[in-house]
Amino acid sequence: MMQTIDIIDFQKVDIRIGTIIEAKEFSRAIKPSYQLFIDLGPLGIKKSSAQITDLYSCESLIGKQVVCICNLKPRQIANFISEVLVTGFSNENGEIVLAAVDQPVENGTKLH
């Protein structure tokens, strides 16, 4: 059974939209990954390591708006500090499909 939370718990999670401005192959990661650089508006440019190589190329990610968790503790992955978590859903093959918006919104806008 799924555990429920109250609205105060939900409000503690800082979920925002950002635009990927740069994507690089992350050769030092154990699992195939990209290093992403995401414009989060007033929060600045943040870095993320993302295991999304099955469905996306570096080129296809540039300009894509993605939903990010912005207030997790930074995590070191090999020689890279991941500052935000890019969100997605597993498809039937276990590949990650990015969570995104269906219309452009301003970078850094919070999820309600």
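Scroll up a little and you will see the structure.
Computed from a predicted structure; not experimentally measured. (Residues numbered from 1 in each chain as written. Predicted model: local features only at pLDDT ≥ 70, side-chain atom pairs only at ≥ 80, totals over all residues. Heavy atoms only, no water.)

Q: Mind showing me how you'd approach the overall build of the protein chain here?
A: When helices and strands are counted, the protein chain shows two helices and nine strands. Ordered by position from the N terminus, the helices and strands of the protein chain form the series α-β-β-β-α-β-β-β-β-β-β. Its C-alpha atoms give the protein chain a radius of gyration of 14 Å, within 12% of the compact-globule value 13 Å for 112 residues. Across its three principal directions, the C-alpha atoms of the protein chain cover 40 × 35 × 30 Å. (Helix = DSSP H or I, 4+ residues; strand = E, 2+ residues; numbered from the N terminus. Rg over C-alpha atoms; globule rule 2.2 N^0.38 Å.)

Q: Any chance you could explain the pairing of strand β2 (residues 34–39) here in plain terms?
A: If a strand is regular, its side chains alternate between the two faces of the sheet. Of all six residues that make up β2, five are buried, and the element is covered over most of its length. In this sheet, β2 lies alongside strand β1 (residues 15–25) in antiparallel orientation, the contact comprising six bridges. For Lys24, the partnering residue across the bridge sits in β2 and is Gln35. Where β2 meets strand β3 (residues 45–50), six bridges bridge the pair, whose relative direction is antiparallel. Across the sheet, the residue bridging to Gln35 is Ser49, located in β3. Hairpin connection between β2 and β3: a loop of five residues separates the two successive antiparallel strands, and Gly41 in this loop has a positive phi of roughly 60°. (Buried < 20%, exposed > 50% of the residue type's maximum accessible area, 1.4 Å probe, protein only. Pairing = 2+ DSSP bridges.)

Q: Where do I start with the packing of aromatic side chains in this structure?
A: What characterises a pair of aromatic rings is the spacing of the ring centres plus the angle enclosed by the ring planes. If you walk through the whole model with that rule in mind, you get two aromatic pairs. With a centroid separation of 6.2 Å and 80° between ring planes, the pair formed by Phe37 and Phe80 is classed as edge-to-face. In this pair, Phe37 is assigned in strand β2 and Phe80 in strand β6 (residues 80–82), connecting sequence segments 43 residues apart. According to the relative accessible area criterion, Phe37 is buried, its value standing at 16%. Among the aromatic residues, those joined into a ring-pair cluster are Phe26, Phe37 and Phe80. Cation over ring: Lys47 sits above Phe80, and NZ or CZ is 5.3 Å from the ring centre. (Phe/Tyr/Trp six-rings, centres within 6.5 Å; stacked < 30°, edge-to-face > 60°. Lys NZ or Arg CZ within 6 Å of the ring centre and 35° of its normal.)

Q: When you look at the sheet that holds strand β4 (residues 65–69) in this model, what are you seeing that I'm missing?
A: Picture the strands of a sheet paired through backbone hydrogen bonds; they go either parallel or antiparallel. The five strands are arranged β3-β2-β1-β4-β7 in an open sheet whose pairing can be described as antiparallel. Two strands lie at the open edges of the sheet, namely β3 and β7 (85–86), each paired on one side alone. One ladder, built from two bridges, connects β4 with β7; its direction is antiparallel. Within β7, the residue paired with Cys68 across the bridge is Val86.

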